[in-house]
Amino acid sequence: STSGLDLPMKIYDMFGCEVPVCAVNFPCLDELVQHGSNGYVFESSAQLSHQINDLVNFSSGGGGGYGTRRKRDEDGLLDGKLQLFRENIKGMTRWRENWIDN
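What comes next is a walk through the structure. All figures in this text were calculated on a predicted structure; none of them were measured in a lab.

1. As for the environment of Lys 81
The topology assignment puts Lys 81 in helix α3 (residues 81-90). Residue classification places Lys 81 among the partly exposed residues on the basis of a relative accessible area of 36%. Every residue in contact with Lys 81, bar those within four places of it in the chain, is listed here: Tyr 40, Asp 54 and Leu 55.

2. Points about unusual backbone geometry
Of note in the backbone geometry, Glu 18 takes a positive phi value of approximately 60° without being a glycine. Its location among the elements puts Glu 18 in the loop between α1 (9-16) and β1 (21-24). Look at Glu 18 and you get partly exposed, because its relative accessible area is 27%. Non-glycine residue Cys 28 carries a positive phi angle of around 75°. Summarising the element assignment, Cys 28 is placed in the loop between β1 and β2 (39-42).

Conventions used here
Residues numbered from 1 in each chain as written. Predicted model: local features only at pLDDT ≥ 70, side-chain atom pairs only at ≥ 80, totals over all residues. Heavy atoms only, no water. Helix = DSSP H or I, 4+ residues; strand = E, 2+ residues; numbered from the N terminus. Buried < 20%, exposed > 50% of the residue type's maximum accessible area, 1.4 Å probe, protein only. Contact = heavy atoms within 4.5 Å.

Any functional reading would require information that these geometric values do not contain.
Shown next as structure tokens:
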């Protein structure tokens, strides 16, 4: 959204496919993206780079630091935040349900 008053539909599209997002911070974004729960919010390219790296490739915790490869489950998904975010998205109210309820 260029106005900062409404939410970008692309986030709804991504969540509908159970794909977490990294979204640039702007007013009202927190109505949809809960930083660290169903995606990340960033304000700089350095933050975005760190977030993408954290989600798809390397672990940033556990004492190993970056460069410590995480394990993949039987479906090939990485453990950690990406999987957690996907689970949190599954539990979200869908657009149609929200429209009917409100």
